[in-house]
Amino acid sequence: MTTAQEPGTATPAGLRALAEQAGRDLEDASALDILTWATDTFGERFCVTSSMEDAVVAHLAARVRPGVDVVFLDTGYHFPETIGTRDAVEAVMDVNVITLTPRLTVAEQDAEHGPRLHDRDPDLCCAMRKVEPLEEGLRGYAAWATGLRRDESPTRADTPVVGWDEKRQKVKVSPIARWTQDDVDAYVTEHGVLTNPLLMDGYGSVGCAPCTRRLLDGEDARAGRWAGRTKTECGLHG
C-alpha cells in the first residue's frame with residue numbers, strides 16, 4: 001500500500017515533525033479521525049498494541065482499517081483471563097493478532113536470574129519480558145497505537161493524541177487519550193466490545209499476575225500495579 005507521507009523513507013526528524021504537528025492538529029479530533037489519519041498516513045506500517053485489558057482501540061482501528069495488526073505481548077505471567085481475551089479478540093474481530101514472546105521462557109529466566117525476578121528486580125523483569133520483545137516486534141512499523149488515557153494516572157496526564165516515541169524513533173498514537181472511564185464504558189456498551197473479565201472482579205488495570213492486585217476503595221485505576229513500590233510503569237511508555 002502506498003501512503004501519502006511515504007513514512008518508510010522519511011527521516012526520524014521528518015517523522016517527529018509530522019507527529020508533533022499531528023498532535024496539535026488532532027488534539028480535539030475524535031478517536032476515529034485520529035486513527036483514520038494514522039492508517040491513511042502509515043498504511044501497513046501502522047499497528048495497534050493491546051494488553052487485552054479491553055479491545056476498545058483495536059475495535060476502533062478495525063472500523064477504519066479492517067484486518068489491522070494488533071500486537072500483544074505474552075509475557076508468560078498473564079492471567080488466564082487475559083489470554084482468553086486475546087483469543088476471543090482474534091476469533092471475533094476483524095484484526096490480525098500478532099503475539100510477541102520474550103527471548104527466555106519463564107523457566108529459562110528463573111534458571112538464569114533466579115526465581116521471582118519480578119519481586120527482586122521488577123524493572124529488569126519488565127525490560128526482558130515486555131520492553132525488549134516489543135522493540136523487536138515494532139521494528140517493521142513506523143507508527144503504533146496505544147490505549148493510554150490521561151485520566152488513568154498522574155504519570156499519563158500529558159499524553160498527546162499523537163506524539164513522538166523518542167526511544168523507538170516511531171510515531172506514537174493514543175487515540176483515546178482524552179477519553180474518561182465513562183467514555184470507555186459507554187463505547188464498550190454501545191458496540192459490545194470485548195473486555196477482560198478481571199475488570200468486573202475488582203481490577204482497575206490488568207498486567208502480569210504476580211504484579212497486579214485488586215483496587216482498594218478510592219484508588220486510581222493503576223494503583224493495583226506494582227502496589228507498594230515506587231514503580232508505576234513497565235517501561236513501554238517511557
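If you look the protein up in an unreviewed UniProt entry, it shows as Adenosine 5'-phosphosulfate reductase from Streptomyces silvensis. According to the UniProt record, the Subcellular location (unreviewed entry) comment for the protein reads "Cytoplasm". Quoted verbatim from the Catalytic activity (unreviewed entry) field of UniProt, the annotation for the protein is "[thioredoxin]-disulfide + sulfite + AMP + 2 H(+) = adenosine 5'-phosphosulfate + [thioredoxin]-dithiol".

Quick word on the sheet that holds strand β2 (residues 68-73)
Read across the sheet, 6 strands follow the order β3-β2-β1-β4-β6-β5 without closing on themselves; strand pairing throughout is mixed. If you trace the sheet from one side to the other, it starts and ends with β3 (95-100) and β5 (162-165), each paired once. Between one strand and the next, the sheet's axes are offset by a mean angle of 30°, whatever the strand orientation. Sheet analysis places strand β1 (residues 46-49) next to strand β4 (residues 143-145), joined by 3 bridges and oriented parallel.

Focus on helix α2 (residues 31-42)
Over its 12 residues, α2 extends 16 Å from the first C-alpha to the last, a length consistent with the 16 Å expected when each residue adds 1.5 Å. All of the buried residues along α2 are Ala-31, Ile-34, Leu-35, Trp-37, Ala-38, Thr-39, Thr-41 and Phe-42. Within two residues after α2, Gly-43 carries a phi angle of roughly 55°, on the positive side.

Section: the layout of surface pockets
Space inside the largest pocket adds up to approximately 870 Å³. Looking at the lining of the largest pocket, the elements that each hand over two or more residues are β1, α3 (56-64), β2, α7 (122-137) and α8 (181-191). Here the lining of the largest pocket gets 4 residues from one element, more than from any other, and that element is α8. Of the residues that constitute the lining of the largest pocket, the class distribution is 23 nonpolar, 14 polar and 10 charged.

The rules behind the values
- Residues numbered from 1 in each chain as written.
- Predicted model: local features only at pLDDT ≥ 70, side-chain atom pairs only at ≥ 80, totals over all residues.
- Heavy atoms only, no water.
- UniProt positions renumbered as here; feature names shortened; annotations may be inferred.
- Pairing = 2+ DSSP bridges.
- Helix = DSSP H or I, 4+ residues; strand = E, 2+ residues; numbered from the N terminus.
- Axes fitted to C-alpha atoms, helices over the stretch in contact; angles between N-to-C directions.
- Expected span 1.5 Å × (residues − 1).
- Buried < 20%, exposed > 50% of the residue type's maximum accessible area, 1.4 Å probe, protein only.
- 1 Å grid on protein atoms, 1.4 Å probe; cavity = no way out; pocket = protein on both sides within 12 Å on 5 of 7 lines; lining within 4 Å.
- Points joined across faces, edges and corners; volume = space filled by probe spheres on them.
- Nonpolar A, V, L, I, M, F, W, Y, C, P; charged D, E, K, R; others polar.

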